Amino acid sequence: QVQLVESGGGLVQAGGSLRLSCVASGSIRSINAMAWYRQAPGKQREMVARITSGGRINYADSVKGRFTISRDNAKNTVYLQMNSLNTEDTAVYYCNAGVVFGPSRRDYDYWGQGTQVTVSS
């Protein structure tokens, strides 16, 4: 069984910063891509940032230049540094990981429970 546990959410004023962390635990051989998604009330879940095991990174246009994703492969952990936050960043943020269990490199999608980020004006 695999668990993804996010932390670091909270309430922050516009212009402020937060750092999210997500730790994957369980019988994990390795992890391919790790990503952060978010879902605001009444909106669809959207990808915020994604990082492959090799370090290739993609960002949503709305967060480029403000958010930074990174990972520590040894700790099965992904981070999201969020700077210059604005009210439109308010959402529940979810961690996603493609977990590999066997030698084939086939991965399986796992999600965290989500952490609330609220940006006040």
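Keep in mind the model is a prediction, meaning the values are calculated, not measured.

S.K.: I tried to follow unusual backbone geometry on my own but got confused; where do I start?
M.R.: Residues apart from glycine generally show negative phi values, whereas peptide bonds are mostly found in trans. One non-glycine residue with positive phi stands out, namely Ser 84, at about 50°. Its place among the elements puts Ser 84 in the loop between strand E8 (77-82) and strand E9 (91-100). Classification of Ser 84 by relative accessible area gives partly exposed; the value is 42%. The backbone of Arg 105 shows a phi angle near 70°, a positive value even though the residue is not glycine. The residue Arg 105 is located in the loop between E9 and strand E10 (107-111) in this model. Judged by relative accessible area, Arg 105 falls into the partly exposed class, the value being 43%.

S.K.: I'm lost on the environment of Gly 8 in this one. Help?
M.R.: Along the chain, Gly 8 falls in the loop between strand E1 (2-7) and strand E2 (10-13). Classification of Gly 8 as partly exposed rests on a relative accessible area of 35%. Along the chain, Gly 8 and Asn 76 lie 68 residues apart, while their C-alpha atoms are 16 Å from each other. If sequence neighbours within four positions are ignored, Gly 8 has contacts with Leu 18, Arg 19 and Leu 20.

S.K.: Would you mind going over the state of the cysteines with me for this structure?
M.R.: Each disulfide consists of a covalent bond between the sulfur atoms of two cysteine residues. For the structure shown, the criterion picks out one disulfide. Each sulfur of the disulfide joining Cys 22 and Cys 95 lies 2.1 Å from the other. Measuring handedness by torsion sign, the sulfur bridge of Cys 22 and Cys 95 sits at about -80° and is left-handed. Of this pair, Cys 22 sits in strand E3 (residues 18-26) while Cys 95 sits in strand E9, and the two are 73 residues apart along the sequence. Residue Cys 22 is classed as buried on the basis of its relative accessible area of 0%. On the basis of relative accessibility, which here comes to 0%, the residue Cys 95 falls in the buried class.

Calculation notes
- Residues numbered from 1 in each chain as written.
- Predicted model: local features only at pLDDT ≥ 70, side-chain atom pairs only at ≥ 80, totals over all residues.
- Heavy atoms only, no water.
- Helix = DSSP H or I, 4+ residues; strand = E, 2+ residues; numbered from the N terminus.
- Buried < 20%, exposed > 50% of the residue type's maximum accessible area, 1.4 Å probe, protein only.
- Contact = heavy atoms within 4.5 Å.
- Disulfide = S-S within 2.5 Å.

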